[in-house]
Amino acid sequence: MAAYLAGAFSPEIQSTELAEPGSLFLIAELDGRPVGYTRLRQDPPPDCITGRHPIEIVRLYSVKDMIGHGIGAALMTACLEEARRRECDVIWLDVWEKNPRAIAFYERWGFVKVGEQDYQLGNDLQLDWLMARNVQI
């Protein structure tokens, strides 16, 4: 996990992600305190993602003590609104197969498993599910 965090969240990488065309960060705040964020990106998706104009939820995180308090729902609502604003027809994401809480959250929002892909976390090769849903549901 330490290797992943160092490789995925360095100032240089964050700066690059912020400047990436088609990338958008949305921050959730509660009483002026950041409590979660999501990142959307429009890049070519894996083959199992169908649609003419897809958008990816790259990350959707809530601070630990706020899980279960509606932060994820607010962020997901904002993601869907942005996808509609951009006239996307499919929204997709990947999630670790051994994260049942996240999978259940996404399923409640209408996402279904459409594929799988390997994900390297440090020295640990993991399997992610690719999940997608129609934006207009």
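Right above here is the structure, for reference.
What this report covers is the structure whose coordinates are included nearby. These figures come from a predicted structure and were not determined experimentally.

Here the focus is the packing of aromatic side chains. Applying the stated criterion to the full structure yields five aromatic pairs. A ring pair is formed by Phe-105 and Tyr-106, whose centres lie 5.4 Å apart and whose planes are at 70 degrees; its orientation type is edge-to-face. Residue classification places Tyr-106 among the buried positions, given a relative accessible area of 9%. Taken together, a centroid distance of 6.3 Å and an interplanar angle of 50 degrees make the contact between Phe-105 and Trp-109 tilted. Exposure remark for Trp-109: the relative accessible area of 22% places this residue in the partly exposed category.

Here we come to the nonpolar core. By size, the foremost hydrophobic cluster in this structure holds 24 residues, and its most contacted members are Ile-57, Met-76, Ile-91, Tyr-106 and Phe-111. Elements with a contribution of two residues or more to this core: β2 (33–41), β3 (54–62), α3 (71–85), β4 (90–96) and α4 (100–108). If you tally residues by element for this core, the top one is α3, at six residues. Look past the residues within four positions of Tyr-106 in its chain and what remains in contact with it is Leu-60, Met-76, Leu-93, Val-95, Phe-111 and Met-131. Counting residues in each nonpolar core, the second largest holds five residues, with Ile-49, Val-90, Trp-92 and Ala-132 among its members.

Parameters at a glance
Residues numbered from 1 in each chain as written. Predicted model: local features only at pLDDT ≥ 70, side-chain atom pairs only at ≥ 80, totals over all residues. Heavy atoms only, no water. Phe/Tyr/Trp six-rings, centres within 6.5 Å; stacked < 30°, edge-to-face > 60°. Buried < 20%, exposed > 50% of the residue type's maximum accessible area, 1.4 Å probe, protein only. Core = buried A, V, L, I, M, F, W, Y, C linked by side-chain atoms within 4.5 Å. Helix = DSSP H or I, 4+ residues; strand = E, 2+ residues; numbered from the N terminus. Contact = heavy atoms within 4.5 Å.

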